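# Observations on the three-dimensional arrangement
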Amino acid sequence: MSMTGQEMENIFEKQNLWRKLSLFDWGWAAIILMSTAYAWQQYSVFMDAYEAGILFATALAIIAWGWFWKPVRAYSLYVAVISLFAIYLYGNELALGETNFFLKFLISSKSAIMWMSALYVLATVAYFIGLFIGSEFSSKTASAMTWSATVMGLVGLLVRWRESYLIHFDVGHIPVSNLYEVFILFSIITALMYLYYEGKNKTYNMGGFVLLVISSAVAFLLWYGFGSRGASEIQPLVPALQSYWMKIHVPANFVGYGAFALAAMLAVAYLIKDTMVKKGRGGAIIERFPDLDILDDVMYKSIALGFAFFTLATILGAMWAAEAWGGYWSWDPKETWALIVWLNYAAWLHLRLTKGWRGRPLAWWSIIGLFVTLFAFIGVNMFLSGLHSYGEL
Amino acid sequence: MSNEIKSDTQQQEEAPAAASLQKQAIERERSNLKEHGLLKVLLSFLGSMELAISLFVIIAIASIIGTILQQNQDYNTYIVKFGPFWFEVFRSMELFDIYSSWWFVLLLGFLLVSTATCIYRYTPTIIREWRQFRLKVSSKSLKLMHSSGSWNTKNSPDEAAEFIKEKLRNGGYQSRQKNEQGVITIAAKKGAVNRLGYLFTHGAIIIICLSALYDGNFNLKLREVAGQLKPETRDLFASQVPDISRLKADENHAFRGNASIPEGNTTGLVFLQMRNGYLVQELPFTISLNEFRIEHYDSGMPKSFESDVVIEDKETGEKISKTVEVNHPLIYKDFAIYQASFEDGGSIMDIQAWPMAVPDNAGSAEAAEAFKITPFKQVIGESKVIKTPAGDYKLELAEFKISNVQPNPKAGTGENEHKFKNMGPSLTFRIRDSSGQAQEFINYLNPSTQEGRFFFLSGVRSTAAEPFRYLFIPADDDISLKRFFDFRALLGNPVEMQRIAEKTAAMSLQSAGVPDAKMIAQMAIVMQKLAELFNQGGFDRVLNDINDNVPEDKQKDVSDSYFKVLQTILGTVYLEVLQGEGVDIENSITLAQEQYYDDMVNTMGVVSNYKAPFFLQVKSFEHKEASGFQITKAPGKDLVYLGCILLCVGIVLMFYVAHKRIWIIITPAVESESGSRLIAAGSGDRHQNEFAMEFKAFSQLLDKHFMEEKS
Ligand code: HEM
């Protein structure tokens, strides 16, 4: 759990949670609650009980998240303001996306995603420059760009959500229903997790490695979404996907995928550094690589987090399947691969926790784990047929 | 005052703590099980990490095979794919139904036993850890711990103890104190629920696996092995399925089956898929489908579908009416009824077959008569033998689609333009000849427009892998096929053709001023011959004939004159057809009728590629849909969910609640009466780094407190 040295010092003093919170914390929470109440008042007629539950639980979760990790407060405000501006500009006129200056070039869903893509790629480069020449300025710029990209990514998704309703009331749905959309989700979730560890460990030097996997996701996104396939077009949902389950199952899954990807990229950094040091070729650059201990620790934490969310996501998926297809487990390829991924990381965690494995073997294992995860994530859709319909390549 | 805190970022840090727990457990067991040497070995094998990891990996690999090799297909598909030898090998290894094969279930069984052993071994330790504060520690052992420190203070041991206990309480620790000969030992801990996480996760695995196994079809497999059950592999009506493949309502505690119910029908049975066959399961109630509704998006994609059903209990006669929708199942007693799919429920087609093939004996009047197939009705999914002069054919109606929405190629970006167009209903069917060869056809019931004219479309292909090749038949003034086939019928009628040919020859020679009877007769014969060739294969057929029979240097002249002659007779035939329709051909031939002639002649040119003995037209239809339901009984479901909740809670406890202990030993100072000496140490089990920080804060607190007191 995250605590700064200062917070730690207070741990043995009499205290309560409420006094630890600042005025900003309270004001921000009030804004979240008020917006939720507004959303409820406006849209409750369209929600079933589960969706209402999801709405309020999400509000509370965001507040808890922001109190736990402070940068979330500013992040959420930026995202909210920009998204609302875009939605305001749209009004009821989807065609404005082509004519309005702000929408066309900045904050229509497609433009925001383009900005996100560009910023992630630039951030990757900047992080590596920071790492190789030891430039603090470059690293800080990279971090700022990563934050901005993550703002734009979430803006892109939220605006897309609105755009889907502008196409037609019937078509509207949360944008986590096809490969294009979930790749955006993947990018921003991975980035957020990385940014958390960056802040906590006060090191920018893991950035390049993590952003590399995000940049790859961006490359796929551009090819898949904007290439000849045109997957960036908003499509209506098939009946089986029209369920509140999608709103919780898919995001939970992508916290898992993101965390596993993060762990694998840290494993790459770990192996490079470890190998170079062992060969006695640890020059200044290798020196600047993050500490092996930090890498090992963050790798573990990230897999633990991913495992927790992935377990939850798989369970939610099973419950959804029980409701949509009549069975909580059908050995459908996507389900089966979720089990394979789960078993893989269960083995990883057992080896670390009971056998005390550390370092290289587990780093290799995380990298292999990423390939297993990738197959579950896209390979299944590409090569195997089954009931999970989104995005056949 | 010494205050040493060792760096805790060393590797191999957490292992000893975990291992120590394990060691304790094993030692305790050893003492318990001294007498049972074999059992001990067995337990240590079953509970070993090596076994657990191997099982994880093997199950993962088996699962991968199951996703790559499509499961539960028709056995013939496998034989074609792998050949008879490998088919037999794979089948005996149950690779076509891996997830319910005996060896896969055995693997899961091992997983169960392994976790159970683990729980059995750990539980005593966990309970002890949970309850005990471990007050039996020595200064020596404390100093050996990674996080430790020592202080001197003027406080009395009691004062120091009070202060420390308060701080520990603030920090969320529970503590116990022991006084022994003036020495105070304080043992404190927090986050003991972490240990519960271990029980929860592993217990959850057992609960989930057992309940899922209970919901699976393992009992049916056992009965199959015992010879009490045999899956049916033939395509039979439910009523014909023999008893050995049937299950009574109370015979099976859990199942997952399918039922397809046409509108207006009732069923009390479901089919359980089992490898390449099925079992018929009786239900304690019947389901009637009153109405099936489906909505589409503009793109033709289904938007929603739902069924109005009535459930009637077979025993009590109690009736329940409800609507079942995708994602909104109907729960009745222990049963759940899901909207799964939809299909044709036996729509009835009202069919007219137009003669198409030009048989060798087309010349006979009887042949022409025999070609008149009286209109008939046929149900989708059924087949029927049709007699034609060219032989008997089997007509199989495969699929009826009520609408066919396609992207509109002409759609612009305009706001109100339709991006999609609906081609209307279509019928897919096969025509199989006596040797078993079949062609597949797709006919659109409504004509579609091309450049403002109407055409009937029919696609044909020999195998499912090919795209359809389409024949466009122009629609006449009544938007029907009648004129086209009348024209063909007339061309194929030798008696009529002779009359028309003679008439046409006479007329054209007279207008040219050479009314020679012999020439007229000759010309009529040529005309009739050309028309016959044309009827068989359009202009191409005529050209081929010229190429085959006329010397090369004369071909051009001959074909020029032949085509002129052919056009003349075809024109006359067309006029006769129009006359037959009641058109006044002297005055009022419309432009459309002229255009029709051109379109028809074009179509005639390609019609020979349309390999069909007749052209099938659906004149009307009665659409009937069937709703596909999945009906399940899964009594273990709630237990599975309970296991899932335990699993999640357990994981959070295990990963995110740190189990931490702090010990403090306070000894009265020897030299001065009032002071005392403190040794403190602690451990954070699997959260060493975090604990190290916490312990550092604790040390600093003591530093500060005792420093202030000095000054
Ligand atoms: C899927 C089936 C599972 C099996 C077969 C299994 C098996 C085992 C085995 C054999 C051990 C060693 C116990 C011993 O030495 O007596 C163990 C320990 C452990 N397992 Fe599992 N496990 C399973 C699931 C899980 C899950 C889902 C988690 C959750 C994260 C988990 C977390 C742990 C942990 C943390 C330990 C170490 C306990 C300690 O040393 O304090 N296991 N498991």
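Only a predicted model underlies this, so the values are computations on that prediction, with no experimental measurement involved. Here the residue numbering is sequential within each chain, running from 1 through the sequence in written order. For naming, the first written chain is A and the first written ligand is 1, with later ones following in the order written. Reporting in this predicted model follows two pLDDT cut-offs: at least 70 for local features of residues, and 80 or more for side-chain atom pairs to be given and counted; totals over whole chains, interfaces and linings ignore these cut-offs and use all residues. Values reported for side chains reflect all heavy atoms of the structure, with hydrogen atoms and water molecules removed beforehand.

For the rest of this paragraph, the subject is the overall build of chain B. The numbering of helices and of strands both runs from the N terminus, where a helix is a DSSP run of H or I of at least 4 residues and a strand a run of E of at least 2. From N to C terminus, chain B includes 17 helices and 26 strands. Relative to the globule expectation of 27 Å for 711 residues, the C-alpha radius of gyration of chain B, 44 Å, shows a markedly less compact shape. Each principal axis of the C-alpha atoms in chain B carries an extent, and together these give about 155 × 60 × 55 Å. Burial here depends on accessible area, computed with a 1.4 Å probe over protein chains only, as a share of the maximum for the residue type. Under 20% is buried, over 50% is exposed, and the range in between is partly exposed. The buried share among the 711 residues of chain B stands at 46%. Here, two residues are considered to be in contact whenever any of their heavy atoms come within 4.5 Å of each other. Sequence separation of 24 or more characterises 64% of the internal contacts of chain B that already satisfy a separation of 6 or more. A 1.4 Å probe and the Shrake-Rupley method give the accessible areas. Residues count as covered only by the protein chains that appear here. A total accessible area of about 35900 Å² is found for chain B, and carbon and sulfur atoms account for 55% of it. Atoms counted for the radius of gyration: C-alpha only. Globule rule: 2.2 Å times the number of residues to the power 0.38.

Each helix and strand in chain A was counted, giving 16 helices and zero strands. Taking 21 Å as the expected radius of gyration for a compact globule of 393 residues, we find that chain A reaches 21 Å, a close match to that expectation. Across its three principal axes, chain A shows a C-alpha extent of roughly 65 × 50 × 45 Å. Counting the 393 residues in chain A, one finds 56% classified as buried. By sequence separation, contacts in chain A at least 24 residues apart represent 75% of the contacts at least 6 residues apart.

Residue and element names in this part refer to chain B. Averaged over all residues, the pLDDT of chain B is 84; the fraction at 70 or higher stands at 90%. No element of chain B has a lower mean pLDDT than helix α1 (residues 14–32), at 51, and none a higher one than helix α16 (residues 637–656), at 94. Segment residues 1–19: pLDDT under 50, and 48 contacts once partners within four positions in sequence are set aside and those in other chains are kept. The ipTM, which scores confidence in the relative placement of chains, is 0.91 for this predicted complex, and the corresponding pTM is 0.83. Known as pLDDT, the predictor's per-residue confidence is scaled from 0 to 100.

With that settled, the discussion passes to the coordination of the iron atom of the ligand. H350 of chain A (NE2) and H202 of chain B (NE2) make up the full set of protein donors to the iron atom of the ligand, lying at 1.8 to 1.9 Å. Because water is not among the atoms used, a metal site may look incomplete, as its donors are only the N, O and S atoms within 2.8 Å, or 3.2 Å for Na, K and Ca. The rule is simple: four donors are tetrahedral if all their angles sit between 85 and 135 degrees, four are square planar and six octahedral if opposite donors span more than 155 degrees and the others lie between 65 and 115, and anything that fits none of that is irregular. What the six donor atoms of the iron atom of the ligand show is an angle range of 88 to 179° at the metal, which sorts the shape as octahedral. Within this pair, whereas H350 of chain A is found in helix α15 (residues 333–353), its partner H202 of chain B is found in helix α8 (residues 193–215), the two belonging to separate chains.

Often the size quoted for an interface is simply the accessible area lost on bringing the parts together. Segmenting chain B into domains produces domain 1 (133–191 + 658–711), domain 2 (219–253 + 255–343 + 626–633) and domain 3 (346–383 + 453–623). The split into domains, and so the bounds of each, comes from an automatic or database assignment of domains. Using only C-alpha atoms to locate each centre, domain 1 of chain B and domain 3 of chain B end up separated by 108 Å.

Right, let's get into the packing of helix α13 (residues 517–549) of chain B against helix α14 (residues 555–581) of chain B. All names here are of chain B. Running from N to C, α13 and α14 point in directions that differ by 115°, and their axes come no closer than 9 Å. By the angle between their axes, α13 is roughly perpendicular relative to α14. Of the two elements, α13 crosses α14, and the hand of that crossing is left-handed. Contacts between α13 and α14 pair M523, V526, M527, L530, A531, F534, F539, V542, L543, I546 and N547 from the former with Q555, V558, S559, Y562, F563, V565, L566, Q567, T568, I569 and L570 from the latter. Basically, the charged four are Asp, Glu, Lys and Arg, the nonpolar ten are Ala, Val, Leu, Ile, Met, Phe, Trp, Tyr, Cys and Pro, and anything else, Gly included, counts as polar. For the contact of α13 with α14, the class distribution of residues is 17 nonpolar, five polar and no charged. Interaxial angles span 0 to 180 degrees and are taken between N-to-C directions of axes, which are lines fitted to C-alpha atoms, for helices over the stretch in contact. Should an angle fall under 35 degrees it is called roughly parallel, over 145 degrees roughly antiparallel, and 65 to 115 degrees roughly perpendicular, with every other angle called oblique. For any helix crossing, the convention is left-handed if the near helix is rotated counterclockwise from the far helix by under a right angle, and right-handed if that rotation is clockwise.

A few words on the site of the ligand. As a structural note, the neighbourhood of the ligand is formed by 27 residues, with H350 and T354 of chain A together with C118, R121 and H202 of chain B the closest of them. The near set for a molecule or strand comprises every residue that places at least one heavy atom within 4 Å of it. Chains contributing residues to the immediate surroundings of the ligand are chains A and B. Side-chain polar atom of R121 of chain B to an oxygen atom of the ligand: 2.5 Å apart, as the coordinates give it. Breaking the shell around the ligand down by element, the ones donating at least two residues are α15 of chain A together with α1, α3 (49–68), α5 (102–131), α8 and α16 of chain B. Ranked by residue count, the leading element in the shell around the ligand is α5 of chain B, at six residues. Of the residues contributing to the shell around the ligand, the split by class is 16 nonpolar, nine polar and two charged. In protein, a polar contact means a hydrogen-donor-capable atom and an acceptor-capable atom, both N or O and within 3.5 Å, with residues adjacent in sequence counting only if both atoms are side-chain atoms; elsewhere, any N or O pair within 3.5 Å suffices.

Let us now look at helix α5 (residues 71–90) of chain A. All names here are of chain A. Given the number of residues in a helix, its expected span is that number minus one, multiplied by 1.5 Å. Taking 1.5 Å as the rise per residue, α5 with 20 residues should run 28 Å; its terminal C-alpha atoms sit 29 Å apart, in good agreement. Residues of α5 that are buried include every one of V72, R73, Y75, S76, V79, S83, A86, L89 and Y90, and no others. Close packing links the buried residues of α5 with α3 (23–43), α4 (49–68), α6 (96–99), α7 (101–107), α9 (136–167) and α10 (179–201). Looking at the residues trailing α5, positive phi occurs at G91, about 60°.

Right, let's get into the nonpolar core. The nonpolar core is taken to be a set of buried Ala, Val, Leu, Ile, Met, Phe, Trp, Tyr and Cys residues, with the residues joined through side-chain atoms within 4.5 Å. One finds M116, Y120, F254 and F377 of chain A together with F655 of chain B to be the most contacted residues of the largest nonpolar core, which totals 179 residues. Those residues in contact with F377 of chain A, other than ones at most four positions away along the chain, are L179, V182, F183, F186, F254, Y257 and K334 of chain A. Counting residues in hydrophobic clusters, the runner-up holds 69 residues, among them L509, L566, I585 and L616 of chain B.

The next thing to look at is the interface of chain A and chain B. Contacts between the two partners involve 64 residues from chain A and, on the opposite side, 64 residues from chain B. Here chain A and chain B share an interface that buries about 5600 Å² over both sides, 64% of which is from carbon and sulfur atoms. Note that D170 of chain A is salt-bridged to K303 of chain B, the shortest N-O span being 2.4 Å. Taken together, the connections running from chain A to chain B amount to 15 residue pairs in polar contact (both at pLDDT 80 or more). Of all elements in the fold, only α1 (5–9), α14 (292–324) and α15 of chain A reach the threshold of two or more residues within the side of chain A that touches chain B. Top element by residues in the side of chain A that touches chain B is α14 of chain A. It accounts for 17 residues. In terms of residue class, the side of chain A that touches chain B is made up of 41 nonpolar, twelve polar and eleven charged. Note on definitions: buried area is the accessible-area loss of two parts on being combined, 1.4 Å probe, summed for both. A pairing counts as a salt bridge when a side-chain nitrogen of Lys or Arg comes within 4 Å of a carboxyl oxygen of Asp or Glu.

Looking now at the side chain of E224 of chain B. All names here are of chain B. With respect to the element layout, E224 can be found in helix α9 (residues 218–225). A polar side-chain atom of E224 sits 2.6 Å from a polar atom in the side chain of R275. Residues in contact with E224, not counting those within four places in the same chain, are L229, P231, M274 and R275.

In this section: the packing of aromatic side chains. Each aromatic ring pair is described using two quantities: the centre-to-centre distance and the angle formed by the ring planes. Residues and elements named next belong to chain B. Stacked, tilted and edge-to-face are the three classes assigned to paired rings of Phe, Tyr and Trp, where Trp is represented by its six-membered ring and a pair needs centres within 6.5 Å; plane angles under 30 degrees give stacked, over 60 edge-to-face, the rest tilted. Under the definition given, this model contains 76 aromatic pairs over all chains. Where Y75 meets F96, the ring centres are 6.0 Å apart and the plane angle is 55°; that geometry is what we call tilted. Of the two residues, Y75 sits in helix α4 (residues 75–92) while F96 sits in the loop between α4 and α5, which places them 21 residues apart along the sequence. Here F96 falls in the buried class, since its relative accessible area comes to 3%. When the ring of Y574 is compared with that of Y597, the centres are 5.3 Å apart and the planes differ by 45°; the resulting orientation is tilted. Placement of Y574 in helix α14 and of Y597 in helix α15 (residues 591–606) is noted, with a sequence separation of 23 residues between them. Per residue, the accessibility class of Y574 equals that of Y597, and both read buried. To sit over a ring, a charge needs its Lys NZ or Arg CZ within 6 Å of the ring centre and within 35 degrees of the ring normal. Over the face of the ring belonging to F376 we find K384, whose NZ or CZ atom lies 4.7 Å from the ring centre.

Attention now moves to a nonpolar patch on the surface. Residues and elements named next belong to chain A. Residues V121, V125, I129, F132, I133 and I285 make up a contiguous nonpolar surface patch of about 500 Å² in total accessible area. In this fold, F132 is placed in helix α8 (residues 109–133). Judged by relative accessible area, F132 falls into the partly exposed class, the value being 41%. Note on patches: the residues involved have over 30% relative accessible area and no salt bridge, like charges join within 9 Å, and the nonpolar side chains Val, Leu, Ile, Met, Phe, Trp and Tyr join within 5 Å.

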